[in-house]
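Observations on the three-dimensional arrangement
Each chain is listed here by its residues.
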Amino acid sequence: QVQLVESGGGLVQAGGSLRLSCAASGSIFSINAMAWYRQAPGKQRELVAHIISGGSTNYADSVKGRFTISRDNAKNTVYLEMNSLKPEDTAVYYCNADLVVAGIRTGYNAWGQGTQVTVSS
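Everything numeric in this text was worked out from a predicted model, so none of it was measured. Within every chain, residues take consecutive numbers counted from 1 along the sequence as written. With pLDDT at 70 or above as the cut-off, local features in this predicted model cover only qualifying residues; side-chain atom pairs require 80 or more to be listed or tallied, and sums for whole chains, interfaces and linings still use all residues. Side-chain metrics rest on all non-hydrogen atoms present in the structure, leaving aside hydrogens and water.

**Re the state of the cysteines**
- What counts as a disulfide here is a pair of cysteine sulfur atoms lying within 2.5 Å. The tally for this structure, following the rule as stated, stands at one disulfide.
- The disulfide that involves Cys22 links it to Cys95, with 2.1 Å between the sulfurs. Since a negative S-S torsion denotes a left-handed disulfide, the Cys22-Cys95 link at about -80 degrees is left-handed. Here Cys95 lies in strand S9 (residues 91–101) and Cys22 lies in strand S3 (residues 18–26), a separation of 73 residues in the sequence.
- Relative accessibility decides the category of a residue: with a 1.4 Å probe and only protein chains considered, values under 20% of the type maximum give buried, values over 50% give exposed, and everything between is partly exposed. Given the relative accessible area of 0%, Cys22 is considered buried. In this text, helices come from DSSP runs of H or I with a minimum length of four residues, and strands from runs of E with a minimum of two, each type numbered from the N-terminal end.

Below, the structure is given as structure tokens:
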């Protein structure tokens, strides 16, 4: 069984910063990629940032230059540093991992439970 647990969400004023963390645990052989998605009320879930095991990253155009994704492979943890936050960044942020399950060595795509980020104007 694999579990992703996010933390770090909250309420912040526009222009402020937050740092999200997501720790993966359980029967994990390896993690190929980790990502952050977000879903605002009435909107579809969208990719915010993505990082592969080698460290390459990509970002949604709306967050480029403001958000930074990073990971600690030894801790199976991914981070999202969010700066210059805007009210339109308000959403539930979800962690995602593309991994290989230990033992049976099959691929699995895992999601966290989500953490609320609210940016006030």
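The discussion continues.
**Considering the environment of Ser120**
- Position of Ser120 relative to the elements: it lies in strand S11 (residues 115–120).
- Contacts are assigned to residue pairs that have any heavy atoms within 4.5 Å of one another. In contact with Ser120, other than residues within four places in its own chain, are Leu11, Val12, Gln13 and Ala14.

**What about the pattern of salt bridges?**
- By convention in these notes, a salt bridge is any Lys or Arg side-chain nitrogen within 4 Å of a carboxyl oxygen on Asp or Glu. For the structure shown, the criterion picks out five salt bridges.
- Close ionic contact of Arg38 with Glu46 constitutes a salt bridge, the shortest N to O distance being 2.7 Å.
- Accessibility expressed as a relative area gives 6% for Arg38, which makes it buried.
- A residue is classified by how much of its surface remains accessible, and Glu46, at 35% relative accessible area, is partly exposed.
- Because the salt bridges share partners, they merge into one network encompassing Arg38, Glu46, Arg66 and Asp89.

**Considerations on unusual backbone geometry**
- Phi at Ser84 takes a positive value of approximately 50 degrees, unusual for a residue other than glycine.
- With respect to the secondary-structure elements, Ser84 resides in the loop between strand S8 (77–82) and S9.

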